[in-house]
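Listed here are the chains, written in short residue letters.
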Amino acid sequence: MKNRWMLAPLAAITALSATHAFAAEELTVYSAFETDMLAKFKSGFEKANPDIKIKWVRDSTGIMTAKLLAEKDAPRADVVWGLAGSSMALLKENGILKPYSPKGLSDVRPSLVDPQSDKAWFGNDAFFNAVCYNEIVAKKLGLPKPETWQDLLKPEYQGHIAMPNPASSGTGYMQVSAWLQTMGDKAGWEYMTKLDKNIDHYTHSGSKPCVQAAQGEVAIGISMAIRGATLKSQGAPIDVIMPKGGVGWEAEAVGLVNANSAAAKRLVDWSISADANKLYNEFYPVVGRKSESKPVPNYPDVEKAMAKLDFSKMASSRKAVLKTWSEKFDSKSESKS
């Protein structure tokens, strides 16, 4: 009996030590991935790396970018995973992202990778804008299907369009950038001024305008193509349109913040692996590894519609563009509360 009582504490201490020895390291990962993607990506990484756990901090691209810049002198993130290329370029410029050479980088499309020699961000996928058009609502209202961006300036669309606020949504900013870069600054701002007359409201989420179009709250949502494809696959009465003139797009990328963390580097390595790209391809047809890019149901032919964009210019002009946009159009934005 005496031996049994002596062994019990010893067994408890041994069990506690074993638990402590195998406790997983936690990484703080900042992201703008859509919320329905986070669990899948976390599960995929942790299955391959059971000694590391992900703690997500998620918000829209604009808000997440601002948060990272505000924390510049005392970074809280270990990795940024799932943020727009233009934001990543800005973070690198501010010294937040650290140069790194992840394993398997040669297998990633060069067009989705930091073009500078001291590379610090690496594309996981490319995401695109589209017009989500509710066919039932449009028929009731007598609204024709738009084929070009210029079509959306027609008076019959007044009050029937929603789009994201570019100051809080990367989806919004990349479309504003596409208009400015394809049309030129003067014509681009003139276009947005005319479009604003037909806008009912601006959202703070890139996917929300398409959700609102699918639910019939508006007839048209300038939004994320992937959200339109997903909603259409779920039975929403929408058409996902790539307007002529070039759609905005960006690389959704990963970058290292905590260069002293071996676990953070392993996450960056895994995020561009074939296994990770297979998961991205469940949502996006264009992923970092061309070998893993397969068609996605109801997703339009985006590669032919891509506007020619300069990510570095998008990063360097971001502050000025957003200041001008907010001064001109922010009065129609939804409340952030």
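Above this text is the structure in question.
In this report, the structure presented in the accompanying data block is examined. Quick caveat: nothing in here was measured; it's all calculated off a predicted structure. Counting restarts for each chain, with residues numbered from 1 along the sequence as it is written. Two thresholds apply to this predicted model, a pLDDT of at least 70 for residue-level local features and 80 or more for giving and counting side-chain atom pairs, whereas whole-chain, interface and lining totals are computed over all residues. Calculation of side-chain values draws on the structure's entire complement of heavy atoms; hydrogens and water are dropped beforehand.

### Considering the overall build of the chain
What counts here: Only DSSP runs of H or I reaching four residues or more are called helices, and only runs of E reaching two or more are called strands; each is numbered from the N terminus. In this description the radius of gyration comes from C-alpha coordinates, and the expected globular size is given by 2.2 Å times residues to the power 0.38. The contact criterion used throughout is that any non-hydrogen atoms of two residues lie within 4.5 Å. Only the protein chains shown count as covering a residue, and every accessible area follows the Shrake-Rupley method with a 1.4 Å probe. Counted as positive: Lys and Arg. Counted as negative: Asp and Glu, with His and the chain ends omitted from the count. Working definition for charges: the position is that of NZ of Lys, CZ of Arg, CG of Asp or CD of Glu.
Along the backbone of the chain there are 13 helices and nine strands. Relative to the 2.2 N^0.38 estimate, which gives 20 Å for 337 residues, the radius of gyration of the chain is 22 Å and therefore close to what a compact globule would have. A principal-axis box enclosing the C-alpha atoms of the chain has dimensions of 90 × 45 × 40 Å. Restricting to contacts in the chain with at least 6 residues of sequence separation, those with at least 24 account for 74%. A total of about 15400 Å² of accessible surface is found on the chain, and carbon and sulfur atoms cover 54% of it. When the 42 basic and 37 acidic side-chain charges of the chain are each reduced to a single mean position, those positions are 2 Å apart.

### Comments concerning the packing of helix α7 (residues 185-196) against helix α13 (residues 318-329)
Heads up, the condition is: Here an angle of 0 to 180 degrees is reported between the N-to-C directions of two axes, which are lines fitted to C-alpha atoms, with helices fitted over the stretch in contact. Here the word oblique covers every angle except those under 35 degrees (roughly parallel), over 145 (roughly antiparallel) and from 65 to 115 (roughly perpendicular). With the far helix as reference, a near helix turned anticlockwise by less than a right angle produces a left-handed crossing, and one turned clockwise produces a right-handed crossing. Gly falls in the polar group here, along with every residue not listed as nonpolar (Ala, Val, Leu, Ile, Met, Phe, Trp, Tyr, Cys, Pro) or charged (Asp, Glu, Lys, Arg).
At their nearest, the axes of α7 and α13 sit 11 Å apart, and the two run at 30 degrees to each other. Judged by the angle between their axes, α7 and α13 are roughly parallel. In the crossing of α7 with α13, the sense of the turn from one axis to the other is right-handed. Across from Trp189, Met192, Thr193 and Asp196 in α7, the residues of α13 making contact are Val321, Thr324, Trp325, Lys328 and Phe329. Classifying every residue of the contact of α7 with α13 by side-chain character gives five nonpolar, two polar and two charged.

### So, the packing of aromatic side chains
Heads up, the condition is: Paired rings are identified among Phe, Tyr and Trp, the last through its six-membered ring, by centres lying within 6.5 Å, and are further divided according to the angle between planes into stacked (under 30 degrees), edge-to-face (over 60) and tilted (the rest). Relative accessibility decides the category of a residue: with a 1.4 Å probe and only protein chains considered, values under 20% of the type maximum give buried, values over 50% give exposed, and everything between is partly exposed.
A complete count under the given rule lists 16 aromatic pairs for this structure. Ring geometry for Phe41 and Phe283: centres 5.9 Å apart, planes at 85 degrees, overall edge-to-face. Of the two residues, Phe41 is situated in helix α2 (residues 35-48) and Phe283 in the loop between α11 (274-280) and α12 (311-316); the sequence distance between them amounts to 242 residues. When the ring of Trp81 is compared with that of Trp270, the centres are 6.2 Å apart and the planes differ by 90 degrees; the resulting orientation is edge-to-face. Separated by 189 residues along the polypeptide, Trp81 in strand β3 (residues 79-84) and Trp270 in helix α10 (residues 262-271) bring together distant segments of the chain. A single burial state applies to Trp81 and to Trp270, both of which are buried. The structure contains a cluster of three or more aromatic residues connected by ring pairs, namely Phe33, Phe41, Phe45, Trp56, Trp81, Trp270, Tyr280 and Phe283.

### Observations regarding the side chain of Ser271
By the secondary structure assignment, Ser271 is in helix α10. Not counting chain neighbours up to four residues away, the residues in contact with Ser271 comprise Trp81, Asn124, Val254, Ala276, Asn277 and Tyr280.

### Points about the pattern of salt bridges
Heads up, the condition is: Salt-bridge detection follows one rule: a side-chain nitrogen of Lys or Arg within 4 Å of a carboxyl oxygen of Asp or Glu.
Evaluated as defined, the whole model comprises 21 salt bridges. Its salt-bridge partner being Arg266, residue Asp51 comes within 2.8 Å of it at the nearest N-O pair. Of this pair, Asp51 sits in the loop between α2 and β2 (52-58) while Arg266 sits in helix α10, placing them 215 residues apart in sequence. Classification of Asp51 as partly exposed rests on a relative accessible area of 37%. Taking the relative accessible area as the measure of exposure, Arg266 reaches 33% and is therefore partly exposed. Through salt bridges with shared partners, one network takes in Glu34, Asp36, Arg58 and Arg227.

### Digging into the state of the cysteines
Test applied: Two cysteine sulfur atoms make up a disulfide if the distance between them is within 2.5 Å.
Tallied over the full model, the rule gives one disulfide. In this model, Cys132 is linked to Cys210 through a disulfide, with the two sulfur atoms separated by 2.1 Å. Classification of the bridge connecting Cys132 and Cys210 rests on its S-S torsion, roughly -90 degrees, and on that basis the disulfide is left-handed. Of this pair, Cys132 sits in strand β4 (residues 121-134) while Cys210 sits in helix α8 (residues 208-214), placing them 78 residues apart in sequence. We note that Cys132, like Cys210, is buried.

### Observations regarding the packing of helix α3 (residues 61-70) against helix α4 (residues 85-93)
Between α3 and α4, the least distance of the axes is 11 Å, while the angle of their chain directions is 5 degrees. Classed by the angle they form, the pair α3 and α4 counts as roughly parallel. Where α3 abuts α4, its residues Thr61, Thr65, Leu68 and Leu69 lie against Ser87, Leu90 and Leu91. Considered class by class, the residues forming the contact of α3 with α4 number four nonpolar, three polar and no charged.

### Overview of α13
Test applied: Expected helix span is computed as 1.5 Å times (number of residues minus one). Along the arc lie the directions from the helix axis toward the C-beta atoms.
Here α13 is twelve residues long and its end C-alpha atoms lie 16 Å apart, about the 16 Å a rise of 1.5 Å per residue gives. Taken together, the buried positions of α13 are occupied by Arg318, Val321, Leu322, Trp325 and Phe329. Viewed along the axis of α13, the buried residues span an arc of 95 degrees, placing them on a single side of the element. In α13, the exposed positions that point more than 90 degrees away from the buried face belong to Lys319, Ala320, Lys323 and Glu327.

Function cannot be read off these values alone, since they describe shape.
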